[in-house]
Each structure stands twice: as structure tokens, then as C-alpha cells.
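Examining the three-dimensional arrangement
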Amino acid sequence: MNTFFKGAVLALALLLSASCGQSGKHYELGGNPVITNIYTADPSARVFADTLYVYPSHDRTDATSFSMEDYHVFSTVDMVNFVDHGVAFNPLTETVWATEAAWAPDCIERNGKYYLYYPTDKKYIGVAVSDRPTGPFHDPLGHPLLSIDSPGVICDRDFIDPCVFIDDDGQAYLFVGQNTVCCIKLNEDMISYDGEVHIIEGVHEFFEAVWVHKYNGKYYMSYSNGPFFGHEPEIAYCMADNPLGPYEFKGVVLDPVNSGTNHHSIVRYGDDWFLFYHTADLSLYNLDVEHHPELRRRTGLRRSVCVDRLFYNPDGTIQKVIPTVDSLKIRTNTVLK
Ligand code: FUB
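Residues numbered from 1 in each chain as written. Predicted model: local features only at pLDDT ≥ 70, side-chain atom pairs only at ≥ 80, totals over all residues. Heavy atoms only, no water.

To continue, consider the pattern of salt bridges. Inspection of every chain in the model, using the stated rule, returns 14 salt bridges. Between R303 and D42 there is a salt bridge whose closest N-O contact spans 3.8 Å. Remark: D42 occurs in strand β1 (residues 39-48) and R303 occurs in the loop between α4 (296-299) and β19 (304-310); sequence separation between them is 261 residues. Note on D42: relative accessible area 6%, which makes it buried. Between D272 and R309 there is a salt bridge, with its nearest N and O atoms 3.0 Å apart. One end of the pair, D272, is in strand β18 (residues 272-279); the other, R309, is in strand β19, with 37 residues separating them in the sequence. For R309, a relative accessible area of 24% puts it in the partly exposed group. Overlapping salt bridges, with partners in common, bring together D42, D59 and R303 in one network. (Salt bridge = Lys/Arg side-chain N within 4 Å of Asp/Glu carboxyl O. Helix = DSSP H or I, 4+ residues; strand = E, 2+ residues; numbered from the N terminus. Buried < 20%, exposed > 50% of the residue type's maximum accessible area, 1.4 Å probe, protein only.)

Next up, the structure:
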């Protein structure tokens, strides 16, 4: 092997281990839910260097609606212990324009900076920047990056759930929306875009929670379908040869969960792939709905982040994930009554 080739192989190996956790490593899971100190939902899981970070919504213990206000960041290096780094950003107090509903966020790294994309007010998509994956983040623009009224946006419901994806050629995409998937190509600075909004075709029964990842050269768009299609929301997915589609429906990754909403992310860590999602298992226990059935509707507002392993078939399609529940863990985490 000549020196140039050896160098290229080493650089590729370093790049892979930096972007996927330690390659050659397998992680044992410790039971669900994985985050139990506060209620969390809509987990966007990302690997930066050797650490896996989770960027969830923060469900309020006293919620009577989806009235989330701030974002905590969690990290793990073993997939069992998830460290809460506290509030990394509160758009309602740290921007001059957001007033309510800090829902499902996502985060990505570029050139040593971390960019948090988040929806508020059911109509704005903001971006916040930090030097660290755990924050603190700040608003560099003083206004939303994109909104339901931006030219080219199609949205007949809530304009929420941003997902950011950087392709191998360096182009960054931001996917977002409910009922229709809109996409913008972000500029190199990650806080502006070229002005065009692309509408993604072929996303069968799309409702919300879009997530895009790449595996073996194919683009996977997974999302929550329902509740308007005659069934409870599943996590479904479709595949394409291009990030902008058109996509072709392939199947279901996760059956309906007990929280009403269904929202997930798919990530590689070490040599394994994982599905992060949420359930209401912990709040169902904490709120004791068996004896107080009137509390049941509240459990969908108090969700908890879970993770299970995800497997591909040889043809690149995804096997359905069977959620695991750790009832002992739930029984011993009853602080949130
Ligand atoms: O958490 C609030 C909203 O519920 C999210 O934005 C949706 O994806 C659903 O999970």
C-alpha cells in the first residue's frame, strides 16, 4: 500500500469514527425509557465526536397543552446513562420574536459550531448557534430563519418539526412541515438559505416528524403518519436516490405508541443503528391512570424518550422496531407525580 493510499484510508477511518461514535463498538441498551429525570419527547439524536447527544422537546410536568418552553440537551457515551446538561436554550426568553410552543428541535455541527433548529408558535422555524453541542445557544438572526408565510412554503396546518441533514457533498438541507414536507437548501453559514423552497413528493400519508438519514448511498425519509388516514400514527418511511426525492414508500418502522403522537430519529452510533422515539409509559405509571382514568389524556403531554436497536434487511429496507419497556425502571422513577 503506498503512503498516499494509507493516508487516505486512515483519514476515512478517522472521519467515520468521528461522525458515528467509536466504530467497531457495540452498545448494550439499559431499558426504556432512557430519560427519566424530566419528561422529554421528539428526540433528535446526533453523534458528535464519540458522544451521542439527544435534543428533545421538554414536556412540562404541569402541562395541559403542548406548552413547551425550553430545550435541555442530553448526552451519553454508553447508551445507558444519559446526562442532562440542563437548559441549553429558551426561545421564549432568549429571542425577541418567539412567544409559545417550543416544539421538536434538531441540531447539527458545521465547522466547529452547533446549529439548533427549532419551531415556535406553530409557524416559525428558528436557528440558534453555540460553540458547544450542549449550549448555551443564542439567536444570531433576531428573526426566524423561515416561517409559514415565507415565499414558496406550503403548509395547511402547523409549520413545525425541522430536521437538518448534511449530505456527503457538504450541502445542508432543512426539512420541515406538517401534511406537506418543505425543504430549503441551507447556505454554508447554516443560518441562511438560497430562497427556494422545495416541496418533497412521494411521502405517503405524511403528517409530521420528518427525519432524513442516509445509508449505503440511499436517502431515507421517515415520519409520523396518521392520525387522518384511518389508523393511529405510525413511523413510516420511504426511500429515494436524491435528498429532494421523489421518494417511494417502503413501510413502517414503528407501530403506534401509547402517547398519541409518534416522533423519532434514526442514528448510527458505533457499529449499530438506533431508533429514538417517545412513549407515555412513565407518565402512565406516574399519573396512575388505572385508578384515575380521567388523567389519561394528560399522559400524551408527558412523554419520555426511549431507544431501541434498528436493523436493515440486505436489500436496504428497514425491519420494524419492537419497543422494549423496562417496567422495573419505570417503577423506580416515580419522582414526576
Ligand atoms: O411535541 C409537540 C409535537 O408533538 C411535535 O412537534 C410533533 O412532532 C408531536 O410529537
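Alright, that's what it looks like, and here's the rest.
This next bit is on the site of the ligand. If you check the shell around the ligand, you find D42, M68, W103, A104, I160, D161, E208, T261, H263, H278 and R303 and nothing else. The side chain of H263 places a nitrogen or oxygen atom 2.6 Å from an oxygen atom of the ligand. Taking R303, its side chain carries an N or O atom lying 2.7 Å from an oxygen atom of the ligand. The cavity that encloses the ligand is the second largest pocket. Per-class residue counts for the shell around the ligand are four nonpolar, three polar and four charged. (Near = heavy atom within 4 Å. Polar contact = N/O pair within 3.5 Å; in protein donor to acceptor, adjacent residues only side chain to side chain. 1 Å grid on protein atoms, 1.4 Å probe; cavity = no way out; pocket = protein on both sides within 12 Å on 5 of 7 lines; lining within 4 Å. Sits in = over half its atoms within 2 Å of the grid points. Nonpolar A, V, L, I, M, F, W, Y, C, P; charged D, E, K, R; others polar.)

Okay, the nonpolar core next. The tendency in soluble globular proteins is for nonpolar side chains to be buried as a group. Ranked by size, the top nonpolar core spans 35 residues in total, and within it F175, M221 and L310 carry the most contacts. When contributions to this core are tallied by element, the ones reaching two or more residues are β9 (163-166), β10 (172-176), β13 (208-215), β14 (218-224), β15 (235-240), β16 (248-254), β18 and β19. Among the elements that line this core, the one with the most residues is β15, at six residues. In this structure, L310 is in contact with V253, I266, W273, F274, L275, I318 and V321, ignoring residues within four places of it in sequence. In this structure, V127, V129, I184 and L186 belong to the second largest nonpolar core, which totals 21 residues. (Core = buried A, V, L, I, M, F, W, Y, C linked by side-chain atoms within 4.5 Å. Contact = heavy atoms within 4.5 Å.)

Our next topic: the sheet that holds strand β17 (residues 264-269). Across the sheet, which stays open at both edges, the three strands sit in the order β17-β18-β19 with antiparallel pairing between neighbours. Each edge of the sheet is formed by a strand with only one pairing partner; in this case those strands are β17 and β19. Strand after strand, the sheet turns through a mean of 30° between neighbouring axes, direction not considered. Relative to β18, β17 runs antiparallel, the two sharing six bridges. Following the sheet pairing, R268 is matched in β18 by W273. (Pairing = 2+ DSSP bridges. Axes fitted to C-alpha atoms, helices over the stretch in contact; angles between N-to-C directions.)

Looking now at the packing of aromatic side chains. All chains considered together, the criterion is met by 20 aromatic pairs. Measuring from ring centre to ring centre gives 6.0 Å for W97 and Y118, while their planes differ by 15°; the resulting arrangement is stacked. Taken together, the positions of W97 in the loop between α2 (91-94) and β5 (106-110) and Y118 in strand β6 (residues 113-120) put the pair 21 residues apart, joining distant regions of the chain. Like Y118, W97 is buried. Between Y220 and Y237, the ring centres sit 6.2 Å apart and the planes meet at 20°, which makes this aromatic pair stacked. A residue pair is termed long-range when its members are at least 10 positions apart, and Y220 in strand β14 and Y237 in strand β15 qualify at 17 residues. When sorted by exposure, Y220 lands in the same class as Y237, which is buried. The structure contains a cluster of three or more aromatic residues connected by ring pairs, namely Y71, F89, W97, Y118 and Y124. (Phe/Tyr/Trp six-rings, centres within 6.5 Å; stacked < 30°, edge-to-face > 60°.)

Turning next to the layout of surface pockets. Of the volumes computed, that of the second largest pocket is approximately 210 Å³. Taken together, 16 residues form the lining of the second largest pocket, with F66, W103, I160, E208 and T261 sitting closest to its centre. Its residues assigned to classes, the lining of the second largest pocket comprises six nonpolar, three polar and seven charged. (Points joined across faces, edges and corners; volume = space filled by probe spheres on them.)

Looking now at the pairing of β13. The element β13 is largely enclosed, with a buried count of six among its eight residues. One ladder, built from six bridges, connects β13 with β14; its direction is antiparallel. Looking at the pairing, W211 lines up with S222 of β14.

In this section: the sheet that holds β13. Within a sheet, neighbouring strands are paired by backbone hydrogen bonds and run either parallel or antiparallel to one another. Read from one edge to the other, the open sheet built from four strands follows the order β13-β14-β15-β16, with strand pairing classed as antiparallel. Both outer strands of the open sheet, β13 and β16, are each paired with one neighbouring strand and no more. For this sheet, the mean angle separating the axes of adjacent strands, direction not counted, is 25°.

Turning to its location among the elements, T261 is positioned in the loop between β16 and β17. A distance of 3.0 Å separates polar atoms of two side chains, one belonging to T261 and the other to H278. Separated by 2.9 Å, the side chains of T261 and R303 make a polar contact.

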